[in-house]
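# Reading the structure
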Amino acid sequence: MKQYKVGILGATGAVGREMMKVLLERDFPISEFHLYASERSAGKVVAWNSGPIQIELAEEGAFEGLDIVLGAASSEVAKQFIISNPNCSTIIAVTAINALRQISPIETMIASTYQAVSGAGAGGPIELNAEVASLYKGEPVEPKVFPYQIAFNLIPQIGGEQEAGYTSEEMKLQYEGRKILHLPNMKVSCTCVRVPVSRSHSISLQMRFQRRISAREARLALQYAPGVKLVDDLAKNLYPMPLDTSDQDLVFVGRIREDLTDERGLCLWCCGDQIRKGAATNAVQIAELLIDRGEED
């Protein structure tokens, strides 16, 4: 198999570190490997594949000669790359419902996301743990990563206001979901909430299809859907939870039920590791598709 020169931009962040791990797990064909970060981290040495790698400065011209660059960076930086990874909540949601979309197109979707603090970067869990420790000691907390205390709290805003009272994070599920699911007219109303969970995002979805899909039909479709694990037995207290979905790549789907407000509606609950499937693994999978197509050509 052909070997590739690969780089990771944002290598010192939570997603960048996870990308390094996933590349090894999936035995990605690498002939040359480079890590890039800001001036604050450039020059540091990290271990990878039993050997040391020095982090390089992410500057103009740094990526010349590389075949693939995996970018764990912000939306503004990602715009400079050829292929952008979808938003982490979006990819978890569309993985959960893609098999249902194959049965009948989705007309509308109402989503509520419950997003872990690690979605805000490596500092999110550190701040949550520090706040919990301070509060148990009776000490005041000083939020830095989040606008308010996140310990024992929920913050119903992720991203800045974009349009009609919705945030940039909330609009991504409509804009990106339409493209990925090939449903240009699908309408999505989303509310994104930051919750005091370390890892893995959870999403409640209410969908209206062109034709009725029963809960039984949905379970059968999801039982064999790629990238999905069906965890749906309310009588046995079995349903997706962040603790179960962390540090792996499957999207767990459960709480499947017919919508009592719409005869063509269906509701479900899904959870997925936003660092892995929501970002790192998904980026590596995109790269794998590219090299597979290149070898076919």
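For the structure, check the block above.
The notes below deal with the structure included here.

What counts as what
Residues numbered from 1 in each chain as written. Predicted model: local features only at pLDDT ≥ 70, side-chain atom pairs only at ≥ 80, totals over all residues. Heavy atoms only, no water. Helix = DSSP H or I, 4+ residues; strand = E, 2+ residues; numbered from the N terminus. Contact = heavy atoms within 4.5 Å. Polar contact = N/O pair within 3.5 Å; in protein donor to acceptor, adjacent residues only side chain to side chain. Buried < 20%, exposed > 50% of the residue type's maximum accessible area, 1.4 Å probe, protein only. 1 Å grid on protein atoms, 1.4 Å probe; cavity = no way out; pocket = protein on both sides within 12 Å on 5 of 7 lines; lining within 4 Å. Points joined across faces, edges and corners; volume = space filled by probe spheres on them. Nonpolar A, V, L, I, M, F, W, Y, C, P; charged D, E, K, R; others polar. Pairing = 2+ DSSP bridges. Axes fitted to C-alpha atoms, helices over the stretch in contact; angles between N-to-C directions. Expected span 1.5 Å × (residues − 1). Bend = angle between axes of the 7 residues up to and from the residue. Parallel < 35°, antiparallel > 145°, perpendicular 65-115°, else oblique. Left-handed = near helix turned anticlockwise from the far one by under 90°. Salt bridge = Lys/Arg side-chain N within 4 Å of Asp/Glu carboxyl O. Core = buried A, V, L, I, M, F, W, Y, C linked by side-chain atoms within 4.5 Å.

### Quick notes on the environment of E258
Mapped onto the elements, E258 comes out in strand β13 (residues 251–258). Excluding residues within four positions of it along the chain, E258 makes contact with R212, I213, S214, A215, G265 and L266. Polar side-chain contacts of E258 include one of 3.0 Å to the backbone nitrogen of A215.

### Some points on the side chain of Q174
Counting through the fold element by element, Q174 comes out in helix α5 (residues 168–181). Its relative accessible area of 12% is what places Q174 among the buried residues. Among the polar contacts made by the side chain of Q174, one reaches the main-chain amide nitrogen of V188 at a distance of 2.9 Å. If near-sequence neighbours (up to four positions away) are discounted, Q174 is found in contact with M186, K187 and V188.

### Examining the layout of surface pockets
In this approach, a probe sized like a water molecule rolls over the atoms, and the result shows the empty space that is left. In this model, the second largest pocket occupies a volume close to 460 Å³. At the level of elements, α3 (88–103), α5 and α8 (276–296) are the ones that each hand at least two residues to the lining of the second largest pocket. For the lining of the second largest pocket, the per-class residue count stands at eight nonpolar, seven polar and three charged.

### Here we look at the sheet that holds strand β10 (residues 187–194)
Pairing within the open sheet is mixed, and its six strands lie in the order β10-β7-β11-β14-β13-β12. Each of the sheet's edge strands pairs with one partner strand only, and the pair in question is β10 and β12 (228–230). In this sheet, adjacent strand axes meet at a mean angle of 20 degrees when their direction is disregarded. Strand direction decides the pairing type here: strand β7 (residues 106–115) and strand β11 (residues 201–209), joined by eight bridges, are antiparallel. Within β11, the residue paired with Y114 across the bridge is S202. Across the sheet, α3 is in contact with β7, β11, β12, β13 and β14 (265–272); its angle to β11 comes to roughly 40 degrees.

### Re unusual backbone geometry
In this structure, A164 is a non-glycine residue whose phi angle is positive, near 55 degrees. The exposed category is assigned to A164, whose relative accessible area is 74%. Residues other than glycine seldom take positive phi values, yet H182 does so here, at roughly 60 degrees. With respect to the helices, strands and loops of the structure, H182 is situated in the loop between α5 and β10.

### Describing α3
Taking 1.5 Å of rise per residue, the 16 residues of α3 would be expected to cover 22 Å, and the 24 Å separating its terminal C-alpha atoms lies within 8% of that figure. Where α3 bends most, at I97, the angle is about 45 degrees. By the criterion of burial, α3 is predominantly enclosed, with 13 of the 16 residues buried. With a side-chain oxygen positioned 3.1 Å from the backbone nitrogen of S89, the residue opening α3 is N87.

### Examining the packing of α3 against helix α6 (residues 215–223)
The geometry of α3 relative to α6 is characterised by a closest axis approach of 9 Å and an angle of 120 degrees between their N-to-C directions. Considering their axes alone, α3 and α6 lie oblique with respect to each other. Our pair here, α3 against α6, has a crossing hand that is right-handed. Touching A96, A99, L100 and I103 of α3 are E217, A218, A221 and L222, all from α6. Of the residues contributing to the contact of α3 with α6, the split by class is seven nonpolar, no polar and one charged.

### Description of the pattern of salt bridges
The full count for this structure, using the stated rule, is 15 salt bridges. Across the pair R199 and E18 runs a salt bridge whose closest N-O atoms are separated by 3.3 Å. On the criterion of sequence distance, the pair formed by R199 in the loop between β10 and β11 and E18 in helix α1 (residues 14–25) is long-range, its members being 181 residues apart. The salt bridge involving R208 is made with D262; its shortest N-O contact spans 2.6 Å.

### A few points about the nonpolar core
Core analysis: the biggest nonpolar cluster contains 35 residues, and I97, L205, M207, V253, L268 and C270 have the highest contact counts within it. When contributions to this core are tallied by element, the ones reaching two or more residues are α3, β7, α5, β10, β11, α6, β13 and β14. If you tally residues by element for this core, the top one is α3, at eight residues. Residue contacts for M207: discarding those within four places in its chain leaves I97, L100, I106, T108, M109, R264, G265, L266 and L268. Within the second largest apolar cluster, 23 residues are counted, among which are V6, A11, I68 and V284.

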